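Here is what each chain is made of, one letter per residue.
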Amino acid sequence: MTGQGTPFVSLDDFEQHAMRNLDRNALDYYRSGAQDMITLKENQRAFDRVFIRPRVLRDVSTVALSTSILGEQIASPICIAPTAMQRMAHPDGELATARAAKRKSTCMVLSSWSTTRIEDIGDGVKWLQLYVYKDREATRRLIERAQDSGYTAIALTVDTPYLGRRLADIRNRFRLPPHLTMANFADTGKAQVGKAEATSAADNASGLAAYVASQIDPTLNWSHVEWVKSVARIPVLVKGILTAEDAVLAVNAGVDGIIVSNHGGRQLDTVPATIDVLEEVCRAVDGRVEVFLDGGVRRGTDVFKALALGARAVFLGRPVLWALNYNGEDGVVEMLNMINEELRLAMALAGCVSVADITRNHVKVPGQPRL
Ligand SMILES: Cc1cc2nc3c(=O)[nH]c(=O)nc-3n(C[C@H](O)[C@H](O)[C@H](O)COP(=O)(O)O)c2cc1C
Ligand SMILES: CCCCCCC(=O)C(=O)O
């Protein structure tokens, strides 16, 4: 509910609230995409071009959302994507998000750039998102800490050898507020994201860009995926695949799952919307590993479409930050309740009583008739 008692009726309401409530540095960082933000907008718009083909007269008095991911049971195929620095949205940050995920029996992916330590997240279905640092030992330690703390998978992000050019962050000279740190790197000299100075118009003055340039390994290649696989005793997924070619390479490299993602439109601008490439990736993978999707998922009908086109589950990024800012743990639960109920209704009205009932024939994609 808003302060005036008007009920929130869609995920957009949480965002509108955050736009009024968050400070500029954090709001722009959370909200922005790269460059002209074409991919950012397209992620949502592309869902509108996919139409649902409903089946009727199917007794939809009971609809079950439960499913499994990498062998673990979750209550719904709507999970939480890794987003960095959540304590800018709410003082409880990732702790609140994790508690909400646990209450909803869904999976949360913790960013390795969290403002809460890996070890401080409670139990529940939790994966760790990983960046490969130039300092390979620091990277190895993150994997080991995750394993020791009950995380059940590593999501290796592969679309960020460099930071995308996010114009608002450059203008704002984005910085992590001084009372917060990248908690997983306390005492390593890698915990602060400070203000960067632009010395020419071509420089990127976002503190994040300077941090990435100093710490993250831009030589990132398939041998790193194999290295992560060799270190990890838990499943490894790659996050940031957008083509059939890379999906096949990922499967050949032995990954346990693929997250179709364009980083919420924050990296390379003008790459396609994730829903537009999902089917291409799923066909290339041909059932050998589970395929997930994130990017622009804002409606239960979006989730339905992604499942119909082959996703095992979807992940939400920004909506979690807006909900966290609105009301911490309870806000995230409220947001997840809303989109889960939207999915339940979409399934019922399309004649599906379980996630397994949702098939390719339940959607119509422009230019790709498939019946
Ligand atoms: C503020 C913000 C921070 C993010 N931080 C990370 C991160 O630390 N690691 C990562 O792999 N992806 C990160 N992402 C990308 C998300 O995991 C996800 O791919 C994207 O947000 C999904 O799109 P959506 O926001 O439209 O749901 C971040 C996205 C946002 C908006
Ligand atoms: C190596 C790139 C780091 C990006 C930092 C967090 C993130 O993923 C995002 O802001 O987007």
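In the block above lies the structure referred to throughout.
These numbers were taken from a predicted model, which means no experiment stands behind them.

Q: Lay out the site of ligand 2 in plain terms, naming residues and giving numbers.
A: Near ligand 2, the surroundings consist of Tyr29, Ala84, Trp113, Tyr131, Thr160, Leu163, Arg166, Leu208, Val212, Ile216, His263 and Arg266. Interatomic distance of 2.5 Å between a side-chain N/O atom of tyrosine 131 and an oxygen atom of ligand 2. Arginine 266 has a polar side-chain atom sitting 2.8 Å from an oxygen atom of ligand 2. Here ligand 2 has 330 Å² of accessible area as a free molecule, and 95% of this is covered by the chains. Because more than half of its atoms lie within 2 Å of the grid, ligand 2 is assigned to the largest cavity. Residues of the shell around ligand 2, tallied by class, amount to 8 nonpolar, 2 polar and 2 charged.

Q: Can you tell me about the site of ligand 1, naming the residues and giving the values?
A: Pro82, Ser111, Thr157, Asp294 and Arg298 are the nearest of the 23 residues found near ligand 1. One nitrogen or oxygen atom from the main chain of proline 82 is found 2.7 Å from an oxygen atom belonging to ligand 1. Protein chains shield 99% of the accessible area of ligand 1, which is 600 Å² for the free molecule. Placement of ligand 1 is best described as lying within the largest cavity. Mapped onto the shell around ligand 1, the elements with two or more residues apiece are helix H2 (24–31) and helix H12 (318–349). Of the residues contributing to the shell around ligand 1, the split by class is 8 nonpolar, 10 polar and 5 charged.

What counts, and at which threshold
Residues numbered from 1 in each chain as written. Chains lettered and ligands numbered in written order. Predicted model: local features only at pLDDT ≥ 70, side-chain atom pairs only at ≥ 80, totals over all residues. Heavy atoms only, no water. Near = heavy atom within 4 Å. Polar contact = N/O pair within 3.5 Å; in protein donor to acceptor, adjacent residues only side chain to side chain. Areas by Shrake-Rupley, 256 points an atom, 1.4 Å probe, with all protein chains shown as cover. 1 Å grid on protein atoms, 1.4 Å probe; cavity = no way out; pocket = protein on both sides within 12 Å on 5 of 7 lines; lining within 4 Å. Sits in = over half its atoms within 2 Å of the grid points. Nonpolar A, V, L, I, M, F, W, Y, C, P; charged D, E, K, R; others polar. Helix = DSSP H or I, 4+ residues; strand = E, 2+ residues; numbered from the N terminus.

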